[in-house]
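Chain by chain, the residues run as shown.
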Amino acid sequence: MKELYTEYKGLLFTLAYQLTGSASDAEDAVQDVFLKVHDIDLQRLAEPKAYLCKMVTNRCLDVLKSARKRREQYFGPWLPEPIPTSGDELFESVVRGELLSYAMLVLLERLSPVEKTVFVLREALGFEYADIAEVIGKSEANCRKLISRARSKLGIRDRQDVRHEAIKEEWIGRFLVALQKGDMDAVISMLAEDAVVISDGGGKALAAVNPIRSRELVARFLIGLIRKFEPSTEADGATYAERREGAEGTKDAGKLEKAVKLEEALQLELREINGQTGLVARSGGSNIIDTAALIHIEGNSISSIYFIRNPEKLQYLRR
């Protein structure tokens, strides 16, 4: 059993997490399955992988049924729980090549539980239709129809690759500099025309209740967000970045002190989240992460920015 757990725990967690959008639910599902099969001689099974995946899938479908009503009553947008995929013993077992992008996990909420299951098994884990049919108890023909329906709901063309372009740290750095300078033109130039910001506070942390759409509104929102952490603007109207640039290398300690207050009030750190470069933020001089942010790009422009602020969804990033 120990050998099977070691061999399949990464795959099973990767499957369960992408189905539920919750690391804690995924962890529970994997543990429950191995407890149930403890007395079963899986070595006698022709396909232990398929058997374990079927059990985890059924457990996750039960979770999704019970979670549907809670999500309908959720305050504001619901976003998947972000997970650290570097430096954490549990999540380092996640199969990286079989983990959909965070943006795709968000889109999966458009699907029914069975459509989501077929999509994850096929597009993320690369299962053949015969194996998918065995896992969900449907015919291969039905599985093909479910994939086609899922792709249609997600706006994905047949044979279109669902893997999205990874954002580079240098690119995020340039975007943050533009925000700190308050350079509206530079920020807008990096945003897609239909860019959107979605925030999840769950009623437990301050967050935008409705998505913010269009590049102009997104740019204003993000620059305004940064400015909330700035010290009072100087009489000349200089921004934080301009004051710091002008203060460094001089003897004007008071000016430099005001400039660094933003860094004290808002600490940003690049972190690998869900297999991609993301940001975590600490504010108010606290060492506790209060925000995780993931950026999705298409065609070298930012199409979506996701802010996760619900403290219940940040527990694994805080470890």
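Everything here concerns the structure above.
Attention in this report is confined to the structure presented alongside it.

Cut-off values and rules
Residues numbered from 1 in each chain as written. Predicted model: local features only at pLDDT ≥ 70, side-chain atom pairs only at ≥ 80, totals over all residues. Heavy atoms only, no water. Helix = DSSP H or I, 4+ residues; strand = E, 2+ residues; numbered from the N terminus. Contact = heavy atoms within 4.5 Å. Buried < 20%, exposed > 50% of the residue type's maximum accessible area, 1.4 Å probe, protein only. Axes fitted to C-alpha atoms, helices over the stretch in contact; angles between N-to-C directions. Parallel < 35°, antiparallel > 145°, perpendicular 65-115°, else oblique. Nonpolar A, V, L, I, M, F, W, Y, C, P; charged D, E, K, R; others polar. Phe/Tyr/Trp six-rings, centres within 6.5 Å; stacked < 30°, edge-to-face > 60°. Pairing = 2+ DSSP bridges. Patch = residues over 30% accessible without salt bridge, like charges linked within 9 Å, V, L, I, M, F, W, Y side chains within 5 Å. Areas by Shrake-Rupley, 256 points an atom, 1.4 Å probe, with all protein chains shown as cover. Salt bridge = Lys/Arg side-chain N within 4 Å of Asp/Glu carboxyl O. Lys, Arg positive; Asp, Glu negative; His and termini not counted. Charge placed at Lys NZ, Arg CZ, Asp CG, Glu CD.

In this section: the side chain of Ser199. Mapped onto the elements of the fold, Ser199 is located in strand β1 (residues 191-200). Ignoring any residue separated from it by four or fewer positions in sequence, one finds Ser199 in contact with Pro77, Leu79, Ala207, Ala208 and Phe307.

Okay, the environment of Ile132 next. The residue Ile132 is located in helix α6 (residues 129-136) in this model. Separated by 78 residues in the primary sequence, Ile132 and Lys54 place their C-alpha atoms 9.0 Å from one another. Aside from chain neighbours lying at most four places away, what touches Ile132 is Val118, Leu121, Arg122, Phe127 and Cys143.

Before going further, it helps to examine the environment of Lys54. Inspection of the secondary structure puts Lys54 in helix α3 (residues 48-72). On the accessibility criterion, Lys54 (35% relative accessible area) is partly exposed.

Their axes nearest at 8 Å, the elements α6 and helix α7 (residues 140-154) cross at an angle of 100°. Viewed along their axes, α6 and α7 adopt a mutual orientation that is roughly perpendicular. Within the contact between the two elements, α6 uses Tyr129, Ala130, Ile132, Ala133 and Ile136 and α7 uses Glu140, Cys143, Arg144, Leu146 and Ile147. Looking at the contact of α6 with α7 residue by residue, the classes come out as eight nonpolar, no polar and two charged.

By the definition in use, this model includes three aromatic pairs. Here Tyr5 and Phe34 contribute two aromatic rings whose centre-to-centre distance is 4.9 Å and whose plane-to-plane angle is 80°, an arrangement assigned as edge-to-face. With Tyr5 in helix α1 (residues 2-20) and Phe34 in helix α2 (residues 23-36), this residue pair connects regions lying 29 residues apart in the sequence. Tyr5 gets classed as partly exposed once you look at its relative accessible area, which sits at 27%. Taken together, a centroid distance of 6.2 Å and an interplanar angle of 5° make the contact between Phe13 and Tyr17 stacked. Taken together, the positions of Phe13 and Tyr17, both in helix α1 and four residues apart, correspond to about one turn of that helix.

Glancing now at the pairing of strand β4 (residues 276-283). Most of β4 sits out of view: eight of its eight residues are buried. The side-chain alternation of β4 yields two buried faces, one formed by Gln276, Gly278, Val280 and Arg282 and the other by Thr277, Leu279, Ala281 and Ser283. Summarising the sheet, strand β3 (residues 266-273) and β4 pair through eight bridges and their orientation is antiparallel. Across the sheet, the residue bridging to Arg271 is Gly278, located in β4. Connecting β3 to the antiparallel partner β4 that follows it, the hairpin turn spans two residues, and Asn274 within it adopts a positive phi of roughly 55°. Pairing geometry for β4 and strand β5 (residues 291-298), over four bridges, is antiparallel. Opposite Ala281, over in β5, you have Thr291 as the bridge partner.

With that settled, consider the pairing of β1. Of all ten residues that make up β1, eight are buried, and the element is covered over most of its length. Note: β1 against strand β6 (residues 301-308), six bridges, orientation parallel. The residue of β6 that forms the bridge with Leu191 is Ile302. Direction of pairing for β1 relative to strand β2 (residues 212-213): antiparallel, over a ladder of two bridges. Bridged to Val197 within β2 is Ile212.

A few words now on a negative patch on the surface. Together, Glu47, Asp131, Glu134 and Glu140 give the surface a local cluster of negative charge. Within the element layout of this structure, Glu47 appears in the loop between α2 and α3.

Interpretation note: all reported values are geometric properties and have no functional meaning in isolation.
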